[in-house]
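As a plain string of letters, each chain reads:
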Amino acid sequence: MSDEQRGPGPGGDGPYRPYGAPRYGDAGTAWGTTATLDPPTYPSAPTSAGRRRRRRGPGMSAVVTAALLAGLVGGGTGFAGAYALLDGDRAAATAPALGSVPSTGGAAPAADGTVAAAAAIASPSTVDIRVPVGQAAAEGSGVILTADGAVLTNNHVVAGAAGPITVTLGDGSEHTATIVGTSPSYDLAVLRMADVSGLPAATLGRSADLQVGQPVVAIGSPQGLTGTVTTGIVSALNRTVGVQGDDGQAVVYNGLQTDAPINQGNSGGPLVNLDGQVIGINSAIATAGQSSGSIGLGFTIPIDQARRVAQEILDTGSASKPVLGVQSGQQEAAGSGALIGSVQAGSPAEAAGLAAGDVVIKVGDARVEDFSDLIARIGAQTPGGAVALTVERDGQQRTVDVTLGSVKDEAATTSTAPSSGASPRGQSPFGQNPFGR
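Cut-offs and rules
- Residues numbered from 1 in each chain as written.
- Predicted model: local features only at pLDDT ≥ 70, side-chain atom pairs only at ≥ 80, totals over all residues.
- Heavy atoms only, no water.
- Core = buried A, V, L, I, M, F, W, Y, C linked by side-chain atoms within 4.5 Å.
- Buried < 20%, exposed > 50% of the residue type's maximum accessible area, 1.4 Å probe, protein only.
- Helix = DSSP H or I, 4+ residues; strand = E, 2+ residues; numbered from the N terminus.
- Contact = heavy atoms within 4.5 Å.
- Salt bridge = Lys/Arg side-chain N within 4 Å of Asp/Glu carboxyl O.
- pLDDT = per-residue confidence, 0-100.
- Pairing = 2+ DSSP bridges.

Chemist: Before we move on, can you summarise the nonpolar core with the specific residues and values?
Modeler: Counting residues in each nonpolar core, the largest one holds 31 residues, and the members touching the most others are Leu 152, Leu 188, Tyr 253, Val 278, Ile 281, Phe 299 and Ala 306. Ranked by the residues each element gives to this core, the list is headed by helix α4 (residues 303–316), at five residues. Contacts of Leu 188, omitting those with residues within four sequence positions, involve Leu 152, Thr 153, Asn 154, Asn 155, Thr 182, Ser 183, Ile 281, Ile 301, Ala 306 and Val 309. One finds Val 252, Leu 324, Val 360 and Val 400 within the second-largest nonpolar core, a separate group that totals 22 residues.

Chemist: Give me the pattern of salt bridges: which residues, what numbers.
Modeler: A side chain of one charge can pair with a side chain of the opposite charge if their charged atoms are brought near each other. Scanning the entire structure with this criterion turns up 10 salt bridges. Residue Arg 377 is joined to Asp 373 by a salt bridge in which the shortest nitrogen-to-oxygen separation is 3.9 Å. With a gap of four residues between them, Arg 377 and Asp 373 both fall in helix α6 (residues 371–379), about one helical turn apart. You can call Arg 377 buried: its relative accessible area is 3%.

Chemist: Let's hear about the confidence of the model for the chain: which residues, and what values?
Modeler: Within the chain, residue pLDDT values average 76, and 70% of them lie at 70 or more. Per-element confidence in the chain is highest for strand β5 (residues 150–153), whose mean pLDDT is 98, and lowest for helix α1 (residues 60–88), whose mean pLDDT is 33. The model gives residues 1–92 a pLDDT under 50, and that stretch makes 366 contacts with residues more than four places away or in other chains. The model gives residues 418–437 a pLDDT under 50, and that stretch makes 90 contacts with residues more than four places away or in other chains.

Chemist: Talk me through the pairing of strand β10 (residues 228–244); I want residue IDs and the actual numbers.
Modeler: Sheet topology places strand β9 (residues 215–220) next to β10; six bridges connect them, and they run antiparallel. The residue bridging Val 216 from the neighbouring strand is Gly 232, located in β10. Looking at chain direction, β10 and strand β11 (residues 250–258) are connected through eight bridges and run antiparallel. Bridged to Val 234 within β11 is Thr 258.

As structure tokens, this is what we get:
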């Protein structure tokens, strides 16, 4: 993580919602906010701290439409009555006509490099996703990957699907979709629509080229309002995001932070640059108090990471993740690095000479302040790839080159060992209250 304000590590009840909100280091960190995944909302939304961005229940578009209709019906008589009264009192002289700009024959094309141009490019490849879950329906967003119907979204949007998944395209047409594969550790899933062709596939950019302060645009279906466009900037890179899923399992990944407003229903939708290229998949937000709305702290899965995972799922039906082979020790102080409690026999860590008691303070050039950082930084690497770790032992720092292992991603990562379905020592590696709420 950067030197910027850090929140406590991802925990079961931290401010980030299952996949929609980041969780950081230990309890009592300075965030003071609740993070929520961009989970689906339910007719009766849960009040727990962590929520995903996907929305459950009737679409807000129906509510908005009803409100508009009520306003028109309720105001019709009022307007007519006022008009009659004004007409009766009208003087002989006619008021001058109000001016207007001459018609251009339609909206002018958006200039390249603008929010309008980015939205025009990326919106056709953004979809709405509805998933039956119990007695309700979860709703999120997605990105069209291929012309023949592959769609990328968040795992938490489709987790627990109890029936056919419906994908709605920008033209309003609805299509049934099935799950091709999921990646719990990265909160990603790939769907496949049936009997479609010629769809507008999104252009995937490069998150490695992003800069803090760069303008970005978020597109999705917050609260069921499909095709919503908001804008902001890249607020931070390499942000450790930790959230808890509906199944109670903690998930940690290396994310981007943005202040572009994203809310429940945006989960799985794209964050794009001003060229309309997808640079991230929106997943989580931090919220304040009991509110579930945006406070300008949104988190997205970098597209470089999402591209690899999505390609593996399309090719094989599953994704892989890197393995180091260590579990956490008892951290003495937050921000002091990731203390290794144990090293798995035969693991890449053992082969590289790492031992219990070592403290990892960097992965490549990225700082590591606690064990959740280590999970996120290792997770951002390529399975089977090489990485340099900066390790402290007995007060001395040294660089250790490690060739990471690879394992099928079947459960969220809570340690850097293959058996990561359960947290080290049976508890969350992120602390009891990752966000100080």
